[in-house]
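Here is what each chain is made of, one letter per residue.
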Amino acid sequence: MSLFEFIALVVALVAIGLAIQSDSNKKKRAKLEGLISAQAAFRVTHALVGADLRTGIAIDDGGRKVCLAALPDTARVYRFEDVLSCELFEDGRSISKAVRSSQALGAIIGGLALGGVGVVAGGLSGARKTVDTVTRIDLRLVVNDLQSPMHDVRLLDAEAKRGGFVHRSVSDKARFWAGLFEVIIEGSRGAAAQAQARGRPRPADVAGQLRELAKLRDDGILTEEEFAAQKAKLLA
């Protein structure tokens, strides 16, 4: 076999391998999208498929629902209120987080927000070095599900120069999805607070109930301890 024939054979094998990989990737993406589209009464307004084609997320704005999909055959739908937190990781390091109780999603550090050229690593060990590449960016959701509370989506799954085109592009996508879930979490928290406020007795109602409790105590129907316990409930 001549050198030319050998090179041609190698090129042909590489092309075949790439074609097979491309076909496999298309099938994985189609299966993830099919898992999501098969959900009843779920209209996709935003969709995200991971770089490793193993997991995905879809949002139904109108229905206020989120679908979390994972190969080979898992798809779960949750209400916006069931999304408890959203966190971004860069090479395993948490860089931002939004949670139902409080939020720390404002400034994304480590190059995601500012596009920095390097991150100082090993500070605690004393071995300080600048890391100029990033190999992973992950989005993690925590939902109100004891059976499967966490869902990770890999946004970057290859080495990229920090601050370079690939890193910036994936970072923009990460910020967009983190922003979507910040809105979802904040909106759900506001809705819960409004519902709680609607269910809370008005001051005039509380005063009237306290007078009724005092009368029941004075009439001997309630003991002093029972009166104190009911009063504490009303004033909580």
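In this report, the structure presented in the accompanying data block is examined. What you are looking at is a predicted structure, and each value in this text was computed from that prediction instead of being measured.

**What to know about the sheet that holds strand 2 (residues 55–60)**
No. 1: Strand order in the open sheet made by the 4 strands is 1-2-3-4, with antiparallel pairing throughout. Looking along the sheet, the strands with just one partner apiece sit at the ends: strand 1 (46–49) and strand 4 (74–79). Within the sheet, the average angular offset between the axes of one strand and its neighbour, ignoring direction, is 15 degrees.
No. 2: Of the pairings in the sheet, the one linking strand 2 to strand 3 (residues 65–70) comprises 6 bridges and is antiparallel in character. Looking across to strand 3, one finds that T55 is bridged to A70.

**Considerations on unusual backbone geometry**
No. 1: P72 follows L71 through a cis peptide bond whose omega is 10 degrees.
No. 2: Mapped onto the elements, P72 comes out in the loop between strand 3 and strand 4.
No. 3: If you check the backbone angles, A41 has positive phi at about 55 degrees while not being a glycine.
No. 4: The residue A41 is located in the loop between helix 1 (3–37) and strand 1 in this model.
No. 5: Here R64, not a glycine, exhibits a phi torsion of approximately 55 degrees, which is positive.
No. 6: Assignment of secondary structure puts R64 in the loop between strand 2 and strand 3.
No. 7: Residue R64 is classed as partly exposed on the basis of its relative accessible area of 33%.

**Concerning the pairing of strand 12 (residues 150–156)**
Side-chain direction in a regular strand flips from residue to residue, so the side chains alternate between the two faces of the sheet.
No. 1: Of all 7 residues in strand 12, 5 are buried; the element is thus mostly enclosed.
No. 2: In the sheet, strand 11 (residues 137–143) pairs with strand 12 via 6 bridges, with the strands oriented antiparallel. Paired with L139 across the two strands is V153, which belongs to strand 12.
No. 3: Hairpin remark: strand 11 followed by strand 12, antiparallel, with 6 residues in the connecting loop.

**Comments concerning the packing of aromatic side chains**
No. 1: Scanning the entire structure with this criterion turns up 2 aromatic pairs.
No. 2: Judged by centre distance (6.1 Å) and plane angle (85 degrees), the rings of F176 and W177 are edge-to-face.
No. 3: Judged by its relative accessible area of 4%, W177 falls in the buried class.
No. 4: On the basis of an interplanar angle of 35 degrees and a centroid distance of 6.3 Å, the ring pair of W177 and F181 is categorised as tilted. With W177 and F181 both in helix 2 (residues 165–199) and 4 residues apart, this pair spans about one turn of that helix.

**A short note on the environment of T74**
No. 1: On the secondary structure map, T74 appears in strand 4.
No. 2: Placed 38 residues apart in sequence, T74 and I36 show a C-alpha to C-alpha distance of 9.2 Å.
No. 3: Apart from the residues lying within four places of it in its own chain, the contact partners of T74 are L35, L68 and A69.

**Considering the pairing of strand 4**
No. 1: Bridge analysis of strand 3 against strand 4 gives 6 bridges, and the strand direction is antiparallel. If you follow A70 over to strand 4, its bridge partner there is T74.
No. 2: What sits between the antiparallel neighbours strand 3 and strand 4 is a turn of 3 residues.

**Digging into the pattern of salt bridges**
No. 1: Counted according to the given criterion, the structure contains 10 salt bridges.
No. 2: A salt bridge links D152 to R140, with the shortest nitrogen-to-oxygen separation between them at 2.7 Å. Of this pair, D152 sits in strand 12 while R140 sits in strand 11, placing them 12 residues apart in sequence.
No. 3: You can call R140 partly exposed: its relative accessible area is 24%.

What counts as what
- Residues numbered from 1 in each chain as written.
- Predicted model: local features only at pLDDT ≥ 70, side-chain atom pairs only at ≥ 80, totals over all residues.
- Heavy atoms only, no water.
- Pairing = 2+ DSSP bridges.
- Helix = DSSP H or I, 4+ residues; strand = E, 2+ residues; numbered from the N terminus.
- Axes fitted to C-alpha atoms, helices over the stretch in contact; angles between N-to-C directions.
- Buried < 20%, exposed > 50% of the residue type's maximum accessible area, 1.4 Å probe, protein only.
- Phe/Tyr/Trp six-rings, centres within 6.5 Å; stacked < 30°, edge-to-face > 60°.
- Contact = heavy atoms within 4.5 Å.
- Salt bridge = Lys/Arg side-chain N within 4 Å of Asp/Glu carboxyl O.

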